[in-house]
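Coordinate inspection notes
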Amino acid sequence: VVIWAPEETDKMYPFPNQHSCARQSMVHVDNPDLVAHPRYKLTHPLRTVLQPGDFIFLPAGWWHHLRSVSHLSTSVAWWHDTL
């Protein structure tokens, strides 16, 4: 799991709100193009590995990248407008 604080948003190159990929980053985290996305190298990602039975809660606005090292995982997302 890799997460970035909401304050990193300008360095994550989000797609425009009207885009079908809104709320996602244009940066390919596993192989970032630092010519196209130079501010990404200034981010401060937090990394961890979850073990069986672990879970992670991400408050609204936190960027995240998840990859399963096995073929089995579950993800649940609740999209909502913040108050």
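Above this text sits the structure in question.
Attention in this report is confined to the structure presented alongside it. Treat the numbers as computed from the prediction; the structure is a model and nothing was measured. (Residues numbered from 1 in each chain as written. Predicted model: local features only at pLDDT ≥ 70, side-chain atom pairs only at ≥ 80, totals over all residues. Heavy atoms only, no water.)

Considerations on the overall build of the chain
Put simply, the rule is: In this text, helices come from DSSP runs of H or I with a minimum length of four residues, and strands from runs of E with a minimum of two, each type numbered from the N-terminal end. Each residue gets one of three labels from its accessible area relative to the maximum for its type: buried under 20%, exposed over 50%, partly exposed in between, using a 1.4 Å probe on protein chains only. Contacts between residues were defined by any pair of non-hydrogen atoms, one from each residue, lying within 4.5 Å.
In terms of regular secondary structure, the chain is built from one helix and three strands. Along the chain, from the amino end to the carboxyl end, the secondary structure elements read β-α-β-β. When the backbone C-alpha atoms are referred to their principal axes, the chain occupies close to 35 × 30 × 20 Å. The buried share among the 83 residues of the chain stands at 19%. Across the chain, the fraction of contacts at a sequence separation of at least 24, relative to all contacts at a separation of at least 6, is 68%.

So, the sheet that holds strand β2 (residues 46–47)
Convention followed: Strand pairing is assigned whenever DSSP detects at least two bridges linking the two strands.
Pairing is antiparallel across the open sheet formed by three strands, whose spatial order is β2-β1-β3. Two strands bound the open sheet, and with one partner strand each, they are β2 and β3 (63–65).

Things to note about the nonpolar core
Put simply, the test is: Within this scheme, the nonpolar core is defined by two criteria: the residues are buried Ala, Val, Leu, Ile, Met, Phe, Trp, Tyr or Cys, and they are joined through side-chain atoms within 4.5 Å.
Core analysis: the largest hydrophobic core is formed by eight residues, namely Val-2, Trp-4, Met-12, Tyr-13, Val-27, Val-29, Tyr-40 and Trp-63. In contact with Val-2, not counting residues within four places along its chain, are Pro-45, Leu-46, Arg-47, Trp-63, His-64 and His-65.

A closer look at the side chain of His-37
Relative to the elements of secondary structure, His-37 occurs in the loop between α1 (9–12) and β2. Relative accessible area serves as the criterion here: at 11%, His-37 is assigned to the buried category. Leave out the neighbours within four places in its chain, and His-37 touches Tyr-13, Met-26 and Val-27.

A short note on the pattern of salt bridges
Opposite charge on two side chains permits them to pair, given that their charged atoms come into close proximity. In plain terms, the rule: Only one rule defines a salt bridge in this text: a Lys or Arg side-chain nitrogen within 4 Å of an Asp or Glu carboxyl oxygen.
Under the defined criterion, the tally for this structure stands at two salt bridges. Between Glu-8 and Lys-11 there is a salt bridge, and its shortest N-O distance comes to 3.3 Å. Since its relative accessible area comes to 7%, Glu-8 is described here as buried. With relative accessibility at 19%, the residue Lys-11 sits in the buried group.

Focus on unusual backbone geometry
At Tyr-13, a residue that is not glycine, the phi angle is positive and equals roughly 50°. Structurally, Tyr-13 can be placed in the loop between α1 and β2. Positive phi, close to 75°, is recorded for Arg-23, a residue that is not glycine. Following the sequence through the fold, Arg-23 ends up in the loop between α1 and β2. By relative accessible area, which is 46% here, Arg-23 ends up partly exposed.

Some remarks on the environment of Tyr-13
Under the convention used in this document: Here a polar contact is taken to be a pair of N or O atoms separated by no more than 3.5 Å, where protein atoms must pair a possible hydrogen donor with a possible acceptor and residues adjacent in sequence count only if both atoms sit in side chains.
On the basis of relative accessible area, Tyr-13 is assigned to the buried category, the value being 11%. Each C-alpha atom of the pair Tyr-13 and Tyr-40 lies 7.9 Å from the other, and the pair is 27 residues apart in sequence. With residues up to four places along the chain from it excluded, the contact list for Tyr-13 reads Gln-24, Ser-25, Met-26, Val-27, Ala-36, His-37, Pro-38, Arg-39 and Tyr-40. Within the structure, the side chain of Tyr-13 is placed 3.0 Å from the backbone nitrogen of Arg-39, a separation counted as a polar contact.

No statement about biological role is implied by the geometric values presented.
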